[in-house]
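Commentary on secondary and tertiary structure
Each chain, letter by letter, is given below.
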Amino acid sequence: MRQLKLAGISGSLRKNSNNTAILRTLKERLPADIELSLVPLDGLPLYSGDLEGPELPAAVAEFKAAVEAADGLVVCSPEYNAGTSGVLKNALDWASRPANASSLKGKHVLIMSSSPGFMGGVRAQAQLRETFASTLSRVVIRPPVVIAGVNDKIKEGRLVDEPNIQFALDAIAALASEIQVDRAC
Ligand SMILES: Cc1cc2nc3c(=O)[nH]c(=O)nc-3n(C[C@H](O)[C@H](O)[C@H](O)COP(=O)(O)O)c2cc1C
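In this text, all values refer to a predicted model and were calculated from it rather than measured experimentally. (Residues numbered from 1 in each chain as written. Predicted model: local features only at pLDDT ≥ 70, side-chain atom pairs only at ≥ 80, totals over all residues.)

1. Describing the environment of alanine 126
With respect to the helices, strands and loops of the structure, alanine 126 is situated in helix H4 (residues 122–134). Look at alanine 126 and you get partly exposed, because 16 C-beta atoms sit within 10 Å. Taking the C-alpha atoms as reference, alanine 126 lies 9.6 Å from isoleucine 111; in sequence the two are 15 residues apart. (Helix = DSSP H or I, 4+ residues; strand = E, 2+ residues; numbered from the N terminus. Buried ≥ 20, exposed ≤ 12 C-beta atoms within 10 Å, placed from the backbone.)

Quick look at the structure:
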């Protein structure tokens, strides 16, 4: 069976980001037939229709190509003021173009979030579900992967909470299985 290629997108640009650390940990823990490549959002300009045209800004073209090349996306978002980060929303707005025929149409997506608080960023997930629905993506429907109290669960750039790791790995396995079923159709 062909190796699955997943793109990991962290909603934080911060060097010591918890969300990036979570994706890094999962990348290292996945079975050999699932590859998770982290796709950085650094360098993406703020979306403006004036920048759209036959030649997109290089960072945008690169980001869209990474999304298109992936069999599925694993998004890990912080929660900012009860929604997702502007950085992630901006990236998804770029990826959503052209409307209804974009890099995100039909793409399988797993949404995860983390937060130092006890709700684990679940409100960011609610907003992301709406965004992905509007881009015709196929979000995995499962109990949400929320990593609450995250500041105590990251050590030396890795998630160390084993139940959280296993829950997230199971969710990625569900994503992989949905992709395989789709492929077989
Ligand atoms: C502007 C701003 C708004 C925030 N709003 C929330 C919030 O609504 N809920 C929450 O749980 N945490 C909130 N936080 C805390 C973030 O969840 C926390 O900084 C998180 O670790 C950032 O993710 P990162 O470690 O991947 O950079 C906020 C942080 C910032 C900077």
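Resuming the write-up.
2. As for the site of the ligand
Inspection of the region around the ligand gives 14 residues, with Ser12, Ser17, Asn18, Pro78 and Ser115 positioned closest. Partitioning the shell around the ligand into residue classes produces 4 nonpolar, 8 polar and 2 charged. (Near = placed C-beta within 6 Å. Nonpolar A, V, L, I, M, F, W, Y, C, P; charged D, E, K, R; others polar.)

3. Looking at the packing of helix H2 (residues 58–69) against helix H3 (residues 86–95)
Taken N-terminus to C-terminus, the directions of H2 and H3 make an angle of 80°; their axes are 10 Å apart at the nearest point. Relative to H3, the element H2 lies roughly perpendicular. Between H2 and H3, the contacting residues are Val60, Phe63, Lys64 and Val67 on the first element and Ala91, Trp94 and Ala95 on the second. For the contact of H2 with H3, a count of residues per class yields 6 nonpolar, no polar and 1 charged. (Axes fitted to C-alpha atoms, helices over the stretch in contact; angles between N-to-C directions. Parallel < 35°, antiparallel > 145°, perpendicular 65-115°, else oblique. Contact = placed C-beta atoms within 7 Å.)

Interpretation note: all reported values are geometric properties and have no functional meaning in isolation.
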